[in-house]
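Working through the structure, step by step
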Amino acid sequence: MKGIILTGGGSAELQPLTCTRNSSMLEVCGVPLVEYTVQELERNGISDIIISADRFTAQTAEYFDDGRDKVPAFSFVKAGTLSGEAVYEAARSFDIPDGENVVIARGDVLAQRSIREALSFHRESGADITVCVTHSDSPEKHIAVSAGGDKLREVIPYPPTECCASELIMTGTVIVKSGLILNSENTEGEFYTDVISRLLNSGAKAVVYEEKGYFMQIREPADIIKMNRDIMNGRYPSGFSGIMKSDDGRFKGVQAEFPVYIGKNAVISEGAVLSAYTSVGDNAFVGRNAVLKGCAAGKGCYIGESACINGAVLADGVRFSSEASAEDGAVIGDNAVIGAGAFLGSGVRIWTGRHIEPFAVVKESVRRGDPRRLVLDDEGITGEINSVITPETAAQ
């Protein structure tokens, strides 16, 4: 059995986090979402996996090249390639015989997938396509479907709230006969909307299979906070390490309300306060008396003394200086620098590499502006990456 994972893209709602990665590489409890999808496929007996990715393919491939016994293959597509064409290219590179069933899954969801059961249902019903669905209280945020019993009637992308007649939404898992996706004319457009609708209208037998397990698609940065919480409290059984449910003695003098996630080689200084469901990435540093309340800090972040971060999302390499603070919903892009004593209001977004001056009060998002020049100060080296430290810079 073969599986194709679609990982390209990233909505505007996820920026600046998706300026340097696709949405499937966003980390939840230190693990990219696509890794959870690989785990689910393997749990369901699918080990022959190909990942279709866009301009961030190299980044995704580098992550999986970690010495594991079975490394997923990759299908390279150009930026802007629609997901239908990505499925076609991946299926061709697999050299799949006509008539064989293929599992196609989204890489940007956190979901317990019932693929074995769905595959049995697919075979028993003699279907050409089986679309896995679940119930949702907000179908207007997803690709909804209309069904009569087990029969798929219509695909309804992001239906308006006032006229949404169905609570069923796609979970991103589809089982399809390979012959249907090996025809390039069938696969024009977006896979989950255009392609499935075209196949349905052409007479293919399409059914729905309802999945009962956990499901959440990442649509905005706040969803990272929600997913972290759901993994730490056991709503989604991840199977990965790093979640602390009690004090194991590693961090002396730290006040922590469990559970929390602490990545590899992270340093949590004495006097720091971590509330429940806080996530700190690999190689991050949290200074003395810093307060982290349910936030998500990425790999290599530096959080200075007495800083306060309340429900914010920090991408990798963020420098959050001493006594700075960020309110709920703030989002900070990779390698941004937040100066000492600065304040970021609720919902503010700081784009990749931007610098906020010390003691600034920021109530609107900062998208433009030049990265800060290289500076050596009491807290170390800050500023634009890949700069050269000259004698003149060191003397300033």
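The rules behind each value
- Residue positions are given per chain, counting from 1 as you read along its sequence in written order.
- With the structure being a predicted model, the display of local features is reserved for residues of pLDDT at least 70 and the display and counting of side-chain atom pairs for 80 or more, all residues being used for whole-chain, interface and lining totals.
- For side-chain calculations, the full set of non-hydrogen atoms in the structure is used, while hydrogens and water are omitted.
- Three exposure classes are used, based on accessible area relative to the maximum for each residue type with a 1.4 Å probe and protein chains only: buried under 20%, partly exposed in between, and exposed over 50%.
- Helix numbering and strand numbering both begin at the N terminus, where a helix is a DSSP run of H or I of at least 4 residues and a strand a DSSP run of E of at least 2.
- We call a set of buried Ala, Val, Leu, Ile, Met, Phe, Trp, Tyr and Cys residues a nonpolar core when their side-chain atoms join them within 4.5 Å.
- Contacts are residue-level and defined by heavy atoms, with any inter-residue pair within 4.5 Å sufficient.
- Paired strands, as defined in this entry, are two strands with at least two bridges between them according to DSSP.
- Here the aromatic set is Phe, Tyr and Trp, taking the six-membered ring for Trp, and pairing holds for ring centres within 6.5 Å; pairs whose planes are under 30 degrees apart are stacked, those over 60 apart are edge-to-face, and all others are tilted.
- Working rule: Lys NZ or Arg CZ, within 6 Å of ring centre, within 35 degrees of ring normal, means a charge sits over the ring.

1. Here we look at helix α1 (residues 33-43)
- When you tally the buried positions in α1, you get eight out of 11 residues, the bulk of the element.
- Taken residue by residue, α1 has L33, V34, E35, Y36, T37, V38, E40 and L41 as its buried positions.
- One or two steps after α1, the chain reaches G45, where phi turns positive at roughly 85°.

2. Quick look at the nonpolar core
- The biggest cluster of nonpolar side chains holds 37 residues, and the ones touching the most others in it are F320 and I350.
- Beyond its immediate chain neighbours, meaning those up to four positions away, I350 contacts P16, V331, I332, G333, A336, I338, L344, I356, V362 and V366.
- Judged by nonpolar contacts, the second largest core, of 33 residues, contains V87, A91, M170 and V195.

3. Focus: the environment of K252
- By the secondary structure assignment, K252 is in the loop between β14 (243-244) and β15 (255-256).
- Taking the relative accessible area as the measure of exposure, K252 reaches 71% and is therefore exposed.
- C-alpha separation for the pair K252 and G271, spaced 19 residues apart in sequence, amounts to 8.6 Å.

4. Some details on the sheet that holds strand β26 (residues 319-320)
- A sheet is described by the order of its strands in space; here six strands give the open sequence β17-β20-β23-β26-β29-β32, paired in parallel fashion. Of all the strands in the sheet, the pair left with one neighbour each is β17 (267-268) and β32 (355-356).
- Examined bridge by bridge, β26 and strand β29 (residues 337-338) share two bridges and lie parallel to one another. Of the residues in β29, the one forming a bridge with F320 is I338.

5. Focus on the packing of aromatic side chains
- One pass over the full model with this rule turns up seven aromatic pairs.
- Here Y36 and F240 contribute two aromatic rings whose centre-to-centre distance is 5.4 Å and whose plane-to-plane angle is 85°, an arrangement assigned as edge-to-face. Of this pair, Y36 sits in helix α1 while F240 sits in the loop between α7 (222-232) and β14, placing them 204 residues apart in sequence.
- Taken together, Y36, Y214, Y236 and F240 form an aromatic cluster joined through their ring pairs.
- Over the face of the ring belonging to F94 we find K2, whose NZ or CZ atom lies 5.8 Å from the ring centre.

6. Examining the side chain of H122
- Of note, H122 is situated in helix α4 (residues 115-125).
- Leave out the neighbours within four places in its chain, and H122 touches N101, A127, D128, I129, T130 and I175.

7. Things to note about unusual backbone geometry
- Following Q15, the chain continues to P16 via a peptide bond in cis, the omega torsion being 10°.
- With an omega of 5°, the peptide bond between F258 and P259 qualifies as cis.
- Mapping P259 onto the fold places it in the loop between β15 and β16 (260-262).
- With phi around 70°, Y277 is a residue other than glycine that occupies positive phi space.
- Note on placement: Y277 falls in the loop between β18 (273-274) and β19 (279-280).
- Using a relative accessible area of 18% as the deciding quantity, one classes Y277 as buried.
- One non-glycine residue, N335, adopts positive backbone phi at about 60°.
- Locating N335 in the fold gives a position in the loop between β28 (331-332) and β29.
- On the accessibility criterion, N335 (31% relative accessible area) is partly exposed.

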